[in-house]
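Coordinate analysis (summary)
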Amino acid sequence: MRMLVSALLLVAAPAMAAPVDLPVALPDGRTLNLYCQGSSGPVVLFDAGWAADSRVWRRVMAQLPGDVRACAADRAGQGKSSPGPMPRDGEAVARDLQAAATAAKLPGPWLLVGHSLGGLNMRHFVRLFPADVAGLLLLDPTGLSRPGAFAPLVARSRGCVAALTADEFPADRPDLARCKAEDRQAALARWEARLSEIESAGESTSAGLADQGPGSLTVPLIVLRPGPQGVAADGFADPLATLSAKGEARLVPGSGHMIMLDQPGAVVQAIANLLAAADRHSNDEKAVIKKSQQ
């Protein structure tokens, strides 16, 4: 990966063409949709939080420099992607994304960006495919959880699945209105996927990362957390940053949970910093290999 001085000079970056959908055929015949922009440069892969799809990254992608290629995924059953086999846990999501990026011939290693639940999915990606990862950016990531931790979201999802299956939306259940859609079958697939994702979050998704402790990752890592406007960001620390010896935690003042919408510039800056760090990391590894061969 080449040195990205231009990625740090974001103001001078050339304009980027609007993202386009890239439906990618997976080995099992399903389609995973990637929302991509750019045709060259290092590749950044994005995974959204629960109940969100690729479009949630549009503000970040709009500010990325022209020498970065960005692809945000619609997870199975979400956005424009086909439904996938159950369970839709972190490992299944990571395997789909790696298969799609490989099939799309996106050159790696890739910089991974995950928000909320997507952070757990991207941690699985690093666990499963470490050689494919150049760096990791986590936006207000979900931590490891126990069964039952997301009971309200599980209940909401089950209600939507039941209503869509029966095609019944009782007047005394106004909360089910959110489930309705013109394409009932697509909506049912979407809520079934969401139900599996949020159930798995406190089960297999978390359990599968139990051994991913401090210092277990070798790639550069940045963790972004939201903070109120005017709060001092100096000296901020986060336990998840210790997953890598090259980890760093940053507080993003003036943002809520949806950092990529509230403060997209902070996300873009973190991406630029990680790409530069990944370039140095790659050069260091090459130097070690060369020295060992002498």
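Below is a short write-up of the structure. (Residues numbered from 1 in each chain as written. Predicted model: local features only at pLDDT ≥ 70, side-chain atom pairs only at ≥ 80, totals over all residues. Heavy atoms only, no water.)

With that out of the way, let us pick up the nonpolar core. Counting 32 residues, the largest nonpolar core has L34, L45, L106, W110, L112, F125 and L136 as its most contacted members. No other element matches helix 3 (residues 90-103), which puts five residues into this core. The residues touching L136, leaving out its near neighbours within four places in the chain, are L111, L112, M122, R123, V126, L217, P220, L221, I222 and L274. By size, the runner-up hydrophobic cluster in this structure holds 27 residues, among which are V68, L137, I222 and I271. (Core = buried A, V, L, I, M, F, W, Y, C linked by side-chain atoms within 4.5 Å. Buried < 20%, exposed > 50% of the residue type's maximum accessible area, 1.4 Å probe, protein only. Helix = DSSP H or I, 4+ residues; strand = E, 2+ residues; numbered from the N terminus. Contact = heavy atoms within 4.5 Å.)

This part covers helix 4 (residues 117-128). Over its twelve residues, helix 4 extends 17 Å from the first C-alpha to the last, a length consistent with the 16 Å expected when each residue adds 1.5 Å. Within helix 4, ten of the twelve residues are buried, which leaves the element mostly enclosed by the surrounding structure. Along helix 4, the residues classified as buried are L117, G118, G119, L120, N121, M122, R123, H124, F125 and V126. (Expected span 1.5 Å × (residues − 1).)

What follows is about the state of the cysteines. Among covalent bonds in proteins, the disulfide is the one between the sulfur atoms of two cysteines. Evaluation of the coordinates by the stated rule reveals two disulfides. A sulfur-sulfur separation of 2.1 Å characterises the disulfide bridge that pairs C36 with C71. Its torsion about the S-S bond being 120 degrees, the disulfide of C36 and C71 is classed as right-handed. Taken as a pair, C36 in strand 2 (residues 31-37) and C71 in strand 4 (residues 69-73) lie far apart in primary sequence, 35 residues in all. A residue is classified by how much of its surface remains accessible, and C71, at 0% relative accessible area, is buried. (Disulfide = S-S within 2.5 Å.)

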